[in-house]
Amino acid sequence: MQAIESVKAVAVAEYLLLITPHEDLFNRIRLEKQLFFEKYKAPEAVRGKPHLTLVRFKQFEGAEERIRQKLRSQAAEWSPFCVELAGYGSFPSHTIYLNVATKSGIQNLVKSIRTDSQALMKLDKDNKPHFILEPHITIARRLKPWQHEAGWLEYRNKNFNAKFMAHAMTLLKRTEETAPYRKVEHFEFAGRSLLPKQGVMF
């Protein structure tokens, strides 16, 4: 048993902290990804599930429990907030995504996580956590230049509007680069403000 625990302590995993839209919107975006795949033959469009990435990082599995505890306490302080999607954007010449119109809620959350958890998420000087301050929901990535060019000609003028309440964030991980991510923990935003207690005066 000790041998298994020591192996886990030094095993490195890839982690994703993300927000997922509600089921109806999730399915609507998944359909968009499927349509892009069928039209432009881009397999990455259907590989990933619709989500907003907050942080990507690598860390020893032995540090996982401390990270989870920290994220639990942060989620307890955070209130649910509205996310509005409007139209499409692009990272030339490889990615087309759904644009987030209301960035401040997600950006503030990411900055808060960065302030409180960056040290815990840093594996070493070559593997620092990647905090996503330009929130987006990927439609298709790793596109070939012709796929991006043709796809963006269509999608830059295409409409997509939706809103959802972000009620929670989810931590996923994988231990092999080719393996699918699996859920580690779901952190509900409890909206409890942890204010310092005032001293008793009388």
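Residues numbered from 1 in each chain as written. Predicted model: local features only at pLDDT ≥ 70, side-chain atom pairs only at ≥ 80, totals over all residues. Heavy atoms only, no water.

Turning our eyes to something else, we now look at helix H2 (residues 23-40). If you check H2, its first and last C-alpha atoms are 26 Å apart, about what 18 residues at 1.5 Å a residue would give, namely 26 Å. Among the residues making up H2, those that are buried are Leu25, Phe26, Ile29, Glu32, Lys33, Phe36 and Tyr40. Down the axis of H2, the sector holding all buried residues measures 120 degrees, keeping them to one side. Opposite the buried face of H2, at more than 90 degrees from it, the exposed residues are Glu23 and Asp24. Looking at the buried residues of H2, the elements they touch are helix H3 (44-47), strand E3 (81-91), strand E4 (95-100), strand E6 (136-140), helix H6 (145-155) and strand E7 (161-166). Among the residues trailing H2, Lys41 stands out with phi positive, at a value near 50 degrees. (Helix = DSSP H or I, 4+ residues; strand = E, 2+ residues; numbered from the N terminus. Expected span 1.5 Å × (residues − 1). Buried < 20%, exposed > 50% of the residue type's maximum accessible area, 1.4 Å probe, protein only. Arc of directions from axis to C-beta. Contact = heavy atoms within 4.5 Å.)

Okay, the confidence of the model for the chain next. The predicted structure's coordinates, where accompanied by low pLDDT, should not be read in detail. Per-chain confidence: the chain averages 90 in pLDDT, with 90% of residues scoring 70 or above. Every residue in residues 193-202 is under pLDDT 50, and counting partners more than four places away or in other chains gives 1 contact. (pLDDT = per-residue confidence, 0-100.)

A word on the environment of His136. Looking at the element boundaries, His136 is found in strand E6. Under the relative-accessibility criterion, His136 is labelled buried at 17%. In the structure, His136 is positioned 86 residues away from Pro50 in sequence and 9.9 Å away in space, judged by C-alpha atoms. Not counting the four nearest positions on each side in its chain, His136 is found in contact with His51, Leu52, Phe91, Tyr97, Leu98 and Val100. Within the structure, His136 has its side chain in polar contact with the backbone oxygen of Glu134 (distance 2.9 Å). (Polar contact = N/O pair within 3.5 Å; in protein donor to acceptor, adjacent residues only side chain to side chain.)

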